[in-house]
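Coordinate inspection notes
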There are 2 protein chains.
Amino acid sequence: MTLSRLSLIISFILSTASISGQKLDPPTLSLHREDILQDPERAVSASITNDFETLFFNQTLDHFDYRPESYTIFQQRYLIDSKYWGGANSDAPIFVYLGNEAPIDGAPTIVGFLRDNAAQFKALLVYIEHRYFGESIPLGMSFEEALNDANVRGYFSSAQALADYAAIIIHVKQNLKARSSPVIVVGGSYGGMLALWFRLRYPHVALGALASSAPILYFDDITPQDAYYSVVTKDFKDTSETCYQTIGNSWSEIDRVADEPNGLSNLSKMFKTCKPLESGKELKNYLKSLYTITAQGDHPPTYPVTVICKGIDGANTTEHGILGKIFAGVVAYNVNSTCYVNPPANMSQTDLGWRWQRCSELVIPIGITNNSMFPPEPFVLSSFVDGCNNSFGVAPRPHWITTYYGGHDVELVLRRFGSNIIFSNGLRDPWSSARVLKNISDSIVAIYTEKGSHCLDLFAGKQTDPDWLVMQRKAEVEIIKGWIAKYYADLLAFKK
Amino acid sequence: MTLSRLSLIISFILSTASISGQKLDPPTLSLHREDILQDPERAVSASITNDFETLFFNQTLDHFDYRPESYTIFQQRYLIDSKYWGGANSDAPIFVYLGNEAPIDGAPTIVGFLRDNAAQFKALLVYIEHRYFGESIPLGMSFEEALNDANVRGYFSSAQALADYAAIIIHVKQNLKARSSPVIVVGGSYGGMLALWFRLRYPHVALGALASSAPILYFDDITPQDAYYSVVTKDFKDTSETCYQTIGNSWSEIDRVADEPNGLSNLSKMFKTCKPLESGKELKNYLKSLYTITAQGDHPPTYPVTVICKGIDGANTTEHGILGKIFAGVVAYNVNSTCYVNPPANMSQTDLGWRWQRCSELVIPIGITNNSMFPPEPFVLSSFVDGCNNSFGVAPRPHWITTYYGGHDVELVLRRFGSNIIFSNGLRDPWSSARVLKNISDSIVAIYTEKGSHCLDLFAGKQTDPDWLVMQRKAEVEIIKGWIAKYYADLLAFKK
């Protein structure tokens, strides 16, 4: 597996990581599509595009208001794969992938879990693109135009997206004569939050939800702000104590060198940067993102954190000392690159869109305090708000997510409310620090693996998958089967 | 109890009953505040206004979007009665009345159920005014200005109202150090729908809901369109077969007389109208509203349907035949009036606001087919849509309520989802035709009385209350006690 593309992604992220000086990292919750698509084993399955139909739905711009503009219609894209489906009037289930902050094109390939299991469920597969991404942009605008218009981007919110999904699912069920088909919604990362929130808000549309790697408790004051970076740190420490120590010692060394005469020039040479560094911080930000993104995506069989640490630990220490080791880690990860740290990059829709989402409603207060391998960088809400205000002219609503969706006392609240939800996580994923820890009720359950990473369970199965991953996916399938069996029994009872 | 004011209310309603020719009746779901306030027994309790504090909350105009205008703040009014409350950090419950389509001023008096039971629960009472009513009108506008501005009235929707309630309840709990206090939301009629929807959407804010007389199934194709008028008819038929027959025969007689030379003039004299009738339909609309509103409000001890039927059945038949009987019914009901049918009237906020709500999202398809004492008048969606479009420039969204809140297959959906909901009804209330029929689960229950009317259980207890009403209220209190007891046990378990 070549990892070279990841450096490009990281630099995408770096270039968008600050908003008027306010850091917005970790940069993205996405599934890191580009990375996965580089995996030759997964690339093969790209041929599945032949199996699905691309459709468009006349979607309402603003579901919750009734101003004249609210009624504006836009085209929302969704994909249907009916290869395995039981067919009209069969009551066979429908698995709906709720798109997250990216175009939907890659979803059928990436979220292989659905295809892997469609046949045994005779399930219809539906993948819905999140509004404002890909080809689902309102008002006939380009993505950039829509994002740059304060009035247009104002409709880019999770509540609107959930209502979009409800409207499309209801439409599909009517259209395909599948009114009684149970719907299971599936999502990863931000999409996992959407899956949870969808089941809680639209139980009449979705029977159950698989919320993979959804940091639903990383809002307001629920989770300590340093939880994310604590896990990144733990991942490195568990992989290699010396690697972890080297990284921990590298930050002051970068500062020291950067402050020397010709320091930046020397650092640029030392790290073979694609263009001269403008500050020590530029390098530190790159490294921080490299470590976080590899911790998040520390997938088998390559385990990128191990790759980096092998580079760091195995480096010839005579050249450049600590920083030589760090650079060896960078090179180990970016095996085919000719330059590092700051290659030319364009902003992706994911980067730009997520930046807006975090600055409007998804205010995730992530900071770094002590007890990590990173220099402290606390999250200060007022600074974050100022930064967003400067960038977008509106302030984030830091309490909206917990007001609308909840989060505080989640076990107390859901113990006697709701059903049919799987919270799946891998504990090496830093986002898992804001997960639901344990089973809340008989049918609201937490399934996690000690060694798993971000959204790993949603990926297609591979020959090289470790047993614990195979077991996790199997457990999820069995639980969903149970929901559906109970539903069919209820349906039968009601038809009598 | 004088009933004279009711004629005024009916005429209010009549004057707003059509939108460009499209009938929008039955006219209102409200609690008919004016009627109740005429009751001397209840008027006494108006002194309770001394017990509560009037407060205002800085409310967000548009919770779901992030356009610059969305951030506009308006003052939303709410009332707090802490006379019986257990106090800060006591975990004593909070009962929240979710205001419906009327100013909140009258609520503490009308919804006596809360005050009657506050002491035994040591409950804080909160009454929140629905946006756009009373003193909770956005943008510093008058009610009329707000309703007449297509962009401003566009934010007048149930989803926004529910989010308002969530924000205020969370604020109150923080402010009064009542974070762990269980919240029970209570509402009647449209407010009952809000209570149900609030519990389903904000389970992290409200532990349970008492949804009184909420016709939550009168949307889309769930309930037959003629259900409402079937119950009105049944109420009259059950009260008096001859009364019912006289009414059934009266419509063609009105048409016949109206078509005669000087027919309208004769009808005007016959019914002692306050001003000359402009059509036979004007009289028929008045009578139709009189019968529906009295069926809806057929409360003990007076039972207005009985009052009307006694008038009709006891009339001297020699004068004016059938129409003489009908007029005797009108007079029996409006004992202190000097003229009838069309007294001078102003539109209330309830009338105007509800008209907009029905033309935007609350598309309740009520029509009259056969098998009723009324002339057929089917609900035709396309005509309704055209009428609303002509009046407001936007079309209703007839499927939105079922998309967002559900309704189809409600028992199947809620059997394994949600908890702590009481659907209360009185079966003489025509709105009860769109009720949940039976207990759905252990804690989602239907409590109804055969003889009850619209929202009757929410009113203050009276010496004259029949046993079945006393029992209904008692059953509701016991159920709510059960929810709260279970919650305290859970809370204790979690604190351990």
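Residues numbered from 1 in each chain as written. Chains lettered and ligands numbered in written order. Predicted model: local features only at pLDDT ≥ 70, side-chain atom pairs only at ≥ 80, totals over all residues. Heavy atoms only, no water.

1. Some words on the state of the cysteines
Residue and element names in this part refer to chain B.
- Summed over all chains, the structure comprises 6 disulfides over all chains.
- Across the disulfide, Cys274 is cross-linked to Cys339 (sulfur-sulfur distance 1.8 Å). Its torsion about the S-S bond being 95 degrees, the disulfide of Cys274 and Cys339 is classed as right-handed. Pair noted here: Cys274 is in the loop between helix H12 (263-270) and helix H13 (280-296) and Cys339 is in the loop between helix H15 (321-333) and helix H16 (349-360), with a separation of 65 residues, a long-range link.
- Residue Cys359 pairs covalently with Cys388 via a disulfide, S to S 1.9 Å. Residues Cys359 and Cys388 are joined through a disulfide that is left-handed, its torsion about the S-S bond being -75 degrees. Of this pair, Cys359 sits in helix H16 while Cys388 sits in helix H17 (residues 381-392), and the two are 29 residues apart along the sequence. This pair shows no difference in class: Cys359 is buried, exactly as Cys388 is.
- Counting only the cysteines that form disulfides, in the order they appear in chain A, gives the pairing 1-3, 2-4, 5-6. (Disulfide = S-S within 2.5 Å. Helix = DSSP H or I, 4+ residues; strand = E, 2+ residues; numbered from the N terminus. Buried < 20%, exposed > 50% of the residue type's maximum accessible area, 1.4 Å probe, protein only.)

2. So, the interface of chain B and chain A
- Between chain B and chain A, the contact holds 58 residues from the first and 58 residues from the second.
- For the pair chain B and chain A, the summed buried area comes to about 5100 Å², and 58% of that belongs to carbon and sulfur atoms.
- It is Tyr66, Arg397 and Phe417 of chain B in chain B that bury the most area against chain A; as a group they hold 16% of the surface buried on that side.
- Across the chain B-chain A interface, the total number found is 6 salt bridges. (Contact = heavy atoms within 4.5 Å. Buried area = accessible area lost by both parts, 1.4 Å probe. Salt bridge = Lys/Arg side-chain N within 4 Å of Asp/Glu carboxyl O.)

3. Some remarks on the relation of the copies chain B and chain A
- Mapping chain B onto chain A calls for a screw motion: a turn of 180 degrees about the axis and a shift of 0.0 Å along it, with 0.0 Å RMSD after fitting. The superposition of one copy onto the other is thereby described by a two-fold rotation axis. When C-alpha distances to the rotation axis are compared across chain B, the minimum falls at Gly418 of chain B, with a value of 2.5 Å.
- In this assembly, 100% of the residues forming the interface of chain B have copies in chain A that are likewise at the interface, indicating an isologous arrangement. (Least-squares fit on C-alpha atoms with pLDDT ≥ 70 in both.)

4. As for the packing of aromatic side chains
- Within the structure shown, the criterion is met by 60 aromatic pairs over all chains.
- Ring geometry for Phe417 of chain A against Phe417 of chain B: centres 5.2 Å apart, planes inclined by 70 degrees, an arrangement best described as edge-to-face. Highlighted residues: Phe417 of chain A in the loop between helix H19 (410-414) and strand S9 (421-426) and Phe417 of chain B in the loop between helix H19 (410-414) and strand S9 (421-426), drawn from two different chains. Accessibility classification places Phe417 of chain A together with Phe417 of chain B in one group, the buried group.
- Aromatic side chains Phe271 of chain B and Phe327 of chain B sit 5.6 Å apart centroid to centroid with 80 degrees between the ring planes, which places their arrangement in the edge-to-face category. Pair noted here: Phe271 of chain B is in the loop between H12 and H13 and Phe327 of chain B is in helix H15, with a separation of 56 residues, a long-range link.
- Overall, Phe271 of chain B belongs to the buried group, its relative accessible area being 0%.
- Note on Phe327 of chain B: relative accessible area 13%, which makes it buried. (Phe/Tyr/Trp six-rings, centres within 6.5 Å; stacked < 30°, edge-to-face > 60°.)

5. Notes on the side chain of Ser453 of chain A
- Examined against the element boundaries, Ser453 of chain A turns out to sit in the loop between strand S10 (444-449) and helix H20 (467-495).
- When neighbours within four sequence positions are excluded, Ser453 of chain A is seen to be in contact with Ser213, Gln296, Gly297, Asp298, His299, Gly426 and Asp429 of chain A.

6. Description of helix H10 (residues 227-239) of chain A
All names here are of chain A.
- For H10, which comprises 13 residues, the first-to-last C-alpha distance of 18 Å matches the rise-based estimate of 18 Å (1.5 Å per residue) to within 8%.
- Among all positions in H10, only Ala227, Tyr228, Tyr229, Val231, Val232, Thr233, Asp235 and Phe236 are buried.
- Looking at the buried residues of H10, the elements they touch are helix H11 (241-259), helix H13 (280-296) and helix H14 (304-314). (Expected span 1.5 Å × (residues − 1).)

7. Some points on helix H14 (residues 304-313) of chain B
All names here are of chain B.
- Of all the positions in H14, only Pro304, Val305, Ile308, Cys309, Gly311 and Ile312 are classed as buried. Axial view of H14: buried residues confined to an arc of 155 degrees, hence all on one face.
- Of the surrounding secondary structure, the elements contacted by the buried residues of H14 are helix H10 (227-239), helix H11 (241-259), H13 and H15. (Arc of directions from axis to C-beta.)

8. With respect to the pattern of salt bridges
- Applying the stated criterion to the full structure yields 42 salt bridges over all chains.
- Between Glu260 of chain B and Arg256 of chain B there is a salt bridge, with the nearest N and O atoms lying 2.9 Å from each other.
- Assessed through its relative accessible area of 32%, Glu260 of chain B is described here as partly exposed.
- Via salt bridges that share partners, Asp51, Asp81, Lys83 and Arg115 of chain A belong to a single interconnected network.

9. A word on the nonpolar core
- Ranked by internal contacts, the top residues of the largest apolar core, which has 237 residues, are Phe198, Phe236 and Tyr291 of chain A together with Phe198, Phe236 and Tyr291 of chain B.
- Apart from residues lying up to four places away in sequence, Tyr291 of chain B is in contact with Val232, Phe236, Ile247, Trp251, Ile308, Ile326, Met373 and Phe374 of chain B. (Core = buried A, V, L, I, M, F, W, Y, C linked by side-chain atoms within 4.5 Å.)

10. Considering the packing of H11 of chain A against H13 of chain A
Residues and elements named next belong to chain A.
- One way to put it is that H11 packs onto H13 with a least axis distance of 9 Å and a crossing angle of 165 degrees. With respect to H13, the axis of H11 lies roughly antiparallel. Relative to H13, H11 is oriented so that their crossing is right-handed. Residues Ile247, Trp251, Ile254, Asp255 and Ala258 of H11 form the contact with H13, whose own contacting residues are Gly280, Leu283, Lys284, Leu287, Lys288 and Tyr291.
- Residue composition of the contact of H11 with H13, by class: 7 nonpolar, 1 polar and 3 charged. (Axes fitted to C-alpha atoms, helices over the stretch in contact; angles between N-to-C directions. Parallel < 35°, antiparallel > 145°, perpendicular 65-115°, else oblique. Left-handed = near helix turned anticlockwise from the far one by under 90°. Nonpolar A, V, L, I, M, F, W, Y, C, P; charged D, E, K, R; others polar.)

11. Focus on the sheet that holds strand S8 (residues 208-212) of chain B
All names here are of chain B.
- Reading across the sheet, the 8 strands line up as S3-S4-S6-S5-S7-S8-S9-S10 and stay open at both edges, with mixed pairing between neighbours. The open sheet has two edge strands, strand S3 (52-60) and strand S10 (444-449), and neither has a second partner. The average undirected angle you get between the axes of adjacent strands in this sheet is 20 degrees.
- Across 5 bridges, strand S7 (residues 183-188) lies against S8 in parallel orientation. Looking at the pairing, Ile184 lines up with Gly208 of S8.
- Together, strand S4 (73-81), strand S5 (94-98), strand S6 (124-128), S7 and S8 form the strand contacts of helix H5 (residues 112-121), whose direction differs from that of S6 by roughly 150 degrees. (Pairing = 2+ DSSP bridges.)

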